[in-house]
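Single-letter residue listing:
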Amino acid sequence: MDDDISTAVYVVNRYWATHWSQFFSGRYSPPSIFGGYQKGGRRPPFCGPRRLDYYNAWYCRDGDYIAWDIDLMAEGYRSGDAWVYLVIAHEWGHAVQRRLHASLIMRAYELQADCFAGAVLYGAAADGTLRFERGDVEEIAAAHRRLGDETPWTDIGDHGTAAQRMSFFKRGANYGVTGCLPR
Ligand SMILES: [Zn+2]
């Protein structure tokens, strides 16, 4: 799993570094990677005044870094490696949002991050930096079923239902980064 996480970080960063200027002005800068933390192991980092919660993955705006609970990653990973790519690409999407002008950020903030994840993973596949394996597409759908909220998206903090999340991921996969920007 550690190799897949490292690869995911590499591939997602490489995609944004390579394509940033096609979509956005200014220079791309990557977020920092805190990496994994775990109950009984490395403690979660502070994000602002408080430590991150266990059993989640995060982009912390305050410190501009990405961190995740190792147990969460491991649990998802049991049903396939696509999970870690999805989680990293989604959190990276939030780092990208922080770098964008407010006019480019969707109110459906979480769904935009899902869309960026689709754009990046499929974009990286098109670049040849990432190869989809048999089963990955089904794993992605299964991961979204796990990740969805029970209630639909209505406000900024909501993730949206599994179907909404999957549809935004697909929008990114099909139309790329520009498909993830407000019209
Ligand atoms: Zn998110």
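Predicted, not measured: the structure shown is a model, and the values here were computed from it. (Residues numbered from 1 in each chain as written. Predicted model: local features only at pLDDT ≥ 70, side-chain atom pairs only at ≥ 80, totals over all residues. Heavy atoms only, no water.)

*Asks:* Break down the coordination of the zinc ion for me, citing the residues and quoting the values.
*Replies:* Taken together, His90 (NE2), His94 (NE2) and Glu110 (OE) make up the protein donors of the zinc ion, found 1.9 to 2.0 Å from the metal. When the donor residues of the zinc ion are listed from N- to C-terminus, their spacing reads H-x3-H-x15-E. Of this pair, His94 sits in helix 3 (residues 82-99) while Glu110 sits in helix 4 (residues 109-127), and the two are 16 residues apart along the sequence. (Donors = N, O, S within 2.8 Å, 3.2 Å for Na, K, Ca; no water. Helix = DSSP H or I, 4+ residues; strand = E, 2+ residues; numbered from the N terminus.)

*Asks:* Could you give an account of the packing of helix 1 (residues 2-23) against helix 3, naming the residues involved and the relevant values?
*Replies:* Following both chains from N to C, one finds helix 1 and helix 3 inclined at 35°, their axes separated by 9 Å at the closest point. Crossing handedness for the pair helix 1 and helix 3: right-handed. Contact residues: helix 1 offers Asp4, Ile5, Thr7, Ala8, Val9, Val12, Asn13, Trp16 and Trp20, while helix 3 offers Val84, Tyr85, Ile88, Ala89, Trp92, Val96 and Arg99. The residue inventory of the contact of helix 1 with helix 3, partitioned by class, reads 12 nonpolar, 2 polar and 2 charged. (Axes fitted to C-alpha atoms, helices over the stretch in contact; angles between N-to-C directions. Left-handed = near helix turned anticlockwise from the far one by under 90°. Contact = heavy atoms within 4.5 Å. Nonpolar A, V, L, I, M, F, W, Y, C, P; charged D, E, K, R; others polar.)

*Asks:* How would you explain the state of the cysteines if you had to name every residue and give the values?
*Replies:* Enumeration over the complete set of coordinates arrives at 2 disulfides. In this model Cys47 forms its disulfide with Cys60; the gap between the sulfur atoms is 2.1 Å. Disulfide Cys47-Cys60: torsion about the S-S bond near 95°, hence right-handed. Of the two residues, Cys47 is situated in strand 2 (residues 46-47) and Cys60 in strand 4 (residues 57-60); the sequence distance between them amounts to 13 residues. A single burial state applies to Cys47 and to Cys60, both of which are buried. (Disulfide = S-S within 2.5 Å. Buried < 20%, exposed > 50% of the residue type's maximum accessible area, 1.4 Å probe, protein only.)

Structural measurements only, silent on function.
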